[in-house]
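The lines below spell out each chain.
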Amino acid sequence: MMYPPEFKKFLLRVAIFASPIVLMLGTLEFLAQYSGELMPLSTVVKRQFQTQIPVLFGREVVDQELSRYKYLVLSALSPDVVALGSSRVMQMRQEMFPQVTFYNAGGMIHGLGELSEFTEIYRPAIKPRIIFFGIDHYWFGHKRDIVSTPILGEQGNDPVKQWPAHLYTFRYLAKQLLKNPSSVSHIFSGRESFGDALAIGLQALYGNGFRTDGSYQYATYLQETREKMLYRDRESPPIVQRVRNGVRQFPYDSKFVADRLSIIDEFLEFSHRNGIEVAGFLPPMSSEVYNAIMTSPHHRGLLLETARQLPAVFKKYGYVFSDYSKLDKLSLTDLNMFDGLHPTETAISRIILDLLKQGVGQTILPTKSIVKHLSSHLNNGKSRPTEIAW
């Protein structure tokens, strides 16, 4: 078909006008893909386990798909030891368990609803030998909803394949490049800035993300404590304010619901039937958060009743349960906390050491070797309250 000369000129003008936009969008798409921000989880998992070099995964813009990501790893890895719970257990690491395989599933469980679903999906797929299970006391409050979001997400709803993920990533990259054009070289390096791991995702480039063992590297916090060792609550709003104001995890007068112990019991019964040992614990809180809870008539009862009721459920199956809510129990200080609720790897190491000394894993783990290993590193002069010199 022949087009009039005027129409050809029009098309040329459109092409000339559109070419800078197409070039810009093409460049942003290339950077988004190269950074790993839009990498599908199946590819992320393959990358983390097909290389001998450490790989850090952390998306900045796109949904992390945390539970689905960790489930894919758990299914593929079948580790001997698993850490389970909320983000409060994410500092448990492979380095703490020499001679056995370990994976940190922290973040998959943010309430008893997720625990019920986890019990269902791990029946056929995941059979660890021992689970270190961190429990948050506020899961048992009557004002806490036990309905959960699906651990595996909605089938066929991969966020990296949705156009909003590309659009929001483009916007983020454009702002970053306008603010600091040299950041493009950081993306091309493919390495995180805190250590020397390969980085998948824009957050990982700055050292914040999930290590291959599922633990989380808080590079921003660690760098801050390396420059000046002090405690401050880095959450927003600070945890102690949430307690005092009765918001988020700490609504006023949330009463202990005894019926919810049946969800824990179901999980422990299944584990016991399948030869899986479970060691339960309440993770530590900063001194100001613990004191705020214990001096408040609105919060004290829930923590005390949770700590009183849980040991019997674990003891029923011959399992150990310990309450580490108060830092003093293990001679920890606020320096061993990233914020009001999240302990550092040094604190977590002391918890593991204490549980092992109570008999956890005696028939499963090389406990003497692990105790010696942890004790040696905790007493190493190079280790700090926030990190251990592995």
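You'll find the structure just up there.
Residues numbered from 1 in each chain as written. Predicted model: local features only at pLDDT ≥ 70, side-chain atom pairs only at ≥ 80, totals over all residues. Heavy atoms only, no water.

If you had to explain the overall build of the protein to someone new, which residues and values would you point to?
In terms of helices and strands, the protein carries 13 helices and 9 strands. By its C-alpha atoms, the protein is 85 × 45 × 45 Å across when sized along the principal axes. Within the protein, buried positions represent 52% of all 390 residues. Separation of charge centres in the protein, based on 43 positive and 37 negative side chains, amounts to 3 Å. (Helix = DSSP H or I, 4+ residues; strand = E, 2+ residues; numbered from the N terminus. Buried < 20%, exposed > 50% of the residue type's maximum accessible area, 1.4 Å probe, protein only. Lys, Arg positive; Asp, Glu negative; His and termini not counted. Charge placed at Lys NZ, Arg CZ, Asp CG, Glu CD.)

Can you explain a nonpolar patch on the surface? Please cite residues and give values.
A contiguous nonpolar surface patch, about 260 Å² in accessible area, is contributed by Ile21, Met24 and Leu25. Position of leucine 25 among the secondary structure elements: in helix α1 (residues 5-35). Given a relative accessible area of 38%, leucine 25 falls into the partly exposed group. (Patch = residues over 30% accessible without salt bridge, like charges linked within 9 Å, V, L, I, M, F, W, Y side chains within 5 Å. Areas by Shrake-Rupley, 256 points an atom, 1.4 Å probe, with all protein chains shown as cover. Salt bridge = Lys/Arg side-chain N within 4 Å of Asp/Glu carboxyl O.)

So what's going on with the pairing of strand β8 (residues 277-282)? Which residues, and what values?
Counting buried residues along β8, 6 of its 6 residues qualify, which places the element largely inside the surrounding structure. Examined bridge by bridge, strand β4 (residues 130-134) and β8 share 5 bridges and lie parallel to one another. Looking across to β8, one finds that isoleucine 130 is bridged to glutamate 277. Across 3 bridges, the pairing between β8 and strand β9 (residues 321-323) is parallel. From the neighbouring strand, leucine 282 faces β9, where its bridge partner is aspartate 323. (Pairing = 2+ DSSP bridges.)

Now, about the side chain of histidine 342: what can you tell me, with residues and values included?
If you trace the backbone, histidine 342 turns up in the loop between β9 and α12 (345-357). Among the residues examined, histidine 342 registers a relative accessible area of 11% and is labelled buried. There is a polar contact of 2.9 Å between the side chain of histidine 342 and the side chain of aspartate 339. (Polar contact = N/O pair within 3.5 Å; in protein donor to acceptor, adjacent residues only side chain to side chain.)

An account of helix α9 (residues 261-273) is needed here, citing residue identities and associated values.
In this model α9 runs 18 Å from its N-terminal to its C-terminal C-alpha over 13 residues, within 8% of the 18 Å that 1.5 Å per residue would give. Those residues of α9 that fall on the buried side of the exposure criterion are Leu261, Ile263, Ile264, Asp265, Phe267, Leu268, Phe270 and Ser271. Positioned one or two residues after α9, glycine 275 has a phi angle of 70 degrees, which is positive. (Expected span 1.5 Å × (residues − 1).)

Give me the lowdown on the nonpolar core, citing residues and values where you can.
Counting residues in each nonpolar core, the largest one holds 66 residues, and the members touching the most others are Tyr69, Phe133, Ile135, Phe140, Ile264 and Phe314. The biggest single contributor to this core is helix α11 (residues 300-315), with 6 residues. Look past the residues within four positions of phenylalanine 133 in its chain and what remains in contact with it is Leu84, Gly85, Leu115, Trp139, Ile264, Phe267, Val278, Ala279, Gly280, Phe281 and Phe314. Formed by 33 residues, the second largest nonpolar core is a distinct cluster that contains Met337, Leu365, Ile370 and Ile388. (Core = buried A, V, L, I, M, F, W, Y, C linked by side-chain atoms within 4.5 Å. Contact = heavy atoms within 4.5 Å.)

Can you lay out the sheet that holds β8 for me, pointing to particular residues and giving the numbers?
Working definition: the strands of a sheet are paired by backbone hydrogen bonds and lie parallel or antiparallel to each other. One open sheet accounts for 5 strands, arranged β3-β2-β4-β8-β9; its pairing is parallel. In the strand order of this sheet, the two ends are held by β3 (102-104) and β9, each with one partner. Across the sheet, the mean angle separating the axes of adjacent strands is 15 degrees when strand polarity is ignored. Bridge count between strand β2 (residues 81-84) and β3: 3 bridges; the pairing is parallel. Across the sheet, valine 81 pairs through a bridge with phenylalanine 102, a residue of β3. Set on the sheet, α12 makes contact with β4, β8 and β9; between it and β8 the angle comes to about 125 degrees. (Axes fitted to C-alpha atoms, helices over the stretch in contact; angles between N-to-C directions.)

Go over the side chain of threonine 367 with me, naming the residues and quoting the values.
Following the sequence through the fold, threonine 367 ends up in helix α13 (residues 367-378). Judged by its relative accessible area of 14%, threonine 367 is buried. Here threonine 367 is in contact with Leu356, Val360, Gly361 and Gln362, once residues within four sequence places are set aside.

Tell me about the pattern of salt bridges, residues and numbers included.
A complete count under the given rule lists 14 salt bridges for this structure. For glutamate 387, the salt bridge is made with arginine 226, and the minimal N-O distance between the two is 2.9 Å. Of this pair, glutamate 387 sits in the segment after α13 while arginine 226 sits in helix α7 (residues 219-227), placing them 161 residues apart in sequence. For glutamate 387, a relative accessible area of 11% puts it in the buried group. Judged by relative accessible area, arginine 226 falls into the partly exposed class, the value being 41%. Arginine 242 is the partner of glutamate 235 in a salt bridge, and the nearest nitrogen-oxygen pair spans 3.2 Å. Glutamate 235 gets classed as partly exposed once you look at its relative accessible area, which sits at 24%.

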